[in-house]
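Summary of structural features
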Amino acid sequence: MLNRFQNMKYKRGFGIAEVLVAALVLGFLYLALLNMQKGNREALLRIRGRDGAVEVAQNIMDSLRTVGIAGLADCVKSDDEGKSCERKDSLFWDRGRFVGGNNDGTNRARIIYTSEVTFSPDSVYTAEATSQYETVRHVYAKRALVKVSWPFKGSTQSIDIEGVIR
């Protein structure tokens, strides 16, 4: 009996089966972390793309408000019912120093945003004056709808911003 207890003293530690099971569990945990990191990266890219689109749409709306309705003569007339103009804008963002650069040596990602601006008169913004000889209608403001689209993972994402241009 004493010999049996002396042999047990030397058999402490992990066997090959325990080590393999532990390595397998750690491998599954590592794959789960990689999958979670990939999902987080895609969510970040989607959010950055949307933030860029909001910036482009807001810049367009601000420039239209600065110009005013009188400066939009080439794109919209006072009697148009929904005339639209299209323009392409591109926006860059810095991806960070640890992400890596593009083939051109820069560290920027490029998204091309397509913006479409649609103007439509609103009866609220129409002044009408009637005299004995004629009726004059004047549209002093237009409702502007700015739609910005961009590609993301094989699909087209878009946002809409609406405002009034006087």
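Because the structure is predicted, anything quoted here is derived from the model rather than measured.

Here we look at the confidence of the model for the protein
Low pLDDT means the predicted atomic positions in that stretch should not be read closely. Across the protein, pLDDT averages 79, with 69% of residues at or above 70. Across the protein, strand S6 (residues 155–165) holds the top mean pLDDT of 92, while helix H1 (residues 2–9) sits lowest at 60.

Observations regarding helix H2 (residues 16–67)
Note: α-helices contain 3.6 residues per turn, so residues at a spacing of three or four share the same orientation. Over its 52 residues, H2 runs 76 Å from end to end, which matches the ideal 76 Å to within 8%, given 1.5 Å per residue. If you check which residues of H2 are buried, you get Gly49, Gly52, Ala53, Val56, Ala57, Ile60, Met61 and Leu64. Glycine 68, located one to two residues past H2, shows a positive phi value of around 85 degrees.

What to know about the pattern of salt bridges
Counted under the stated rule, the structure contains three salt bridges. A salt bridge links lysine 153 to glutamate 42; its shortest N-O distance comes to 3.4 Å. Of the two residues, lysine 153 sits in the loop between strand S5 (142–152) and S6 while glutamate 42 sits in helix H2, which places them 111 residues apart along the sequence. Residue lysine 153 is classed as exposed on the basis of its relative accessible area of 59%. Among the ionic pairs, arginine 143 bridges to glutamate 162, the shortest N-O distance being 3.8 Å. Placement of the pair is arginine 143 in strand S5 and glutamate 162 in strand S6, with a sequence separation of 19 residues. Classification of arginine 143 as partly exposed rests on a relative accessible area of 27%.

Concerning the side chain of threonine 126
Mapped onto the elements, threonine 126 comes out in strand S3 (residues 126–130). Exposure remark for threonine 126: the relative accessible area of 18% places this residue in the buried category. Excluding residues within four positions of it along the chain, threonine 126 makes contact with Arg137, His138, Val139 and Tyr140.

What about the packing of aromatic side chains?
Two aromatic rings are characterised by how far apart their centres lie and by the angle between their planes. The tally for this structure, following the rule as stated, stands at two aromatic pairs. Between tyrosine 125 and tyrosine 140, the aromatic rings sit 6.2 Å apart at their centres with planes inclined by 90 degrees, giving edge-to-face as the arrangement. Here tyrosine 125 is found in the loop between strand S2 (108–121) and S3, whereas its partner tyrosine 140 is found in the loop between strand S4 (135–139) and S5, with 15 residues between them in sequence. Taking the relative accessible area as the measure of exposure, tyrosine 140 reaches 34% and is therefore partly exposed.

Quick notes on the rules
In this numbering scheme, every chain counts its residues from 1 along its sequence in written order. Totals for whole chains, interfaces and linings use every residue, but because this is a predicted model, local features are given only for residues with pLDDT of at least 70 and side-chain atom pairs only at 80 or more, for both listing and counting. Processing note: side-chain calculations cover all non-hydrogen atoms of the structure and skip hydrogens and water entirely. The predictor's confidence in any single residue is recorded as pLDDT, a number from 0 to 100. A run of H or I in DSSP becomes a helix once it reaches four residues, and a run of E becomes a strand once it reaches two; helices and strands are each numbered from the N terminus. To estimate how far a helix should reach, multiply one less than its number of residues by 1.5 Å. The buried label applies to any residue whose accessible area, calculated with a 1.4 Å probe on protein chains only, is under 20% of its type's maximum; exposed applies above 50%, and partly exposed to all values in between. Each reported salt bridge corresponds to a side-chain nitrogen of Lys or Arg within 4 Å of a carboxyl oxygen of Asp or Glu. Two residues qualify as a contact provided that any one of their heavy atoms is within 4.5 Å of a heavy atom in the partner residue. A pair of Phe, Tyr and Trp rings is counted when the ring centres sit within 6.5 Å of each other, with Trp represented by its six-membered ring. The angle between the planes then sorts it: under 30 degrees is stacked, over 60 is edge-to-face, the rest tilted.

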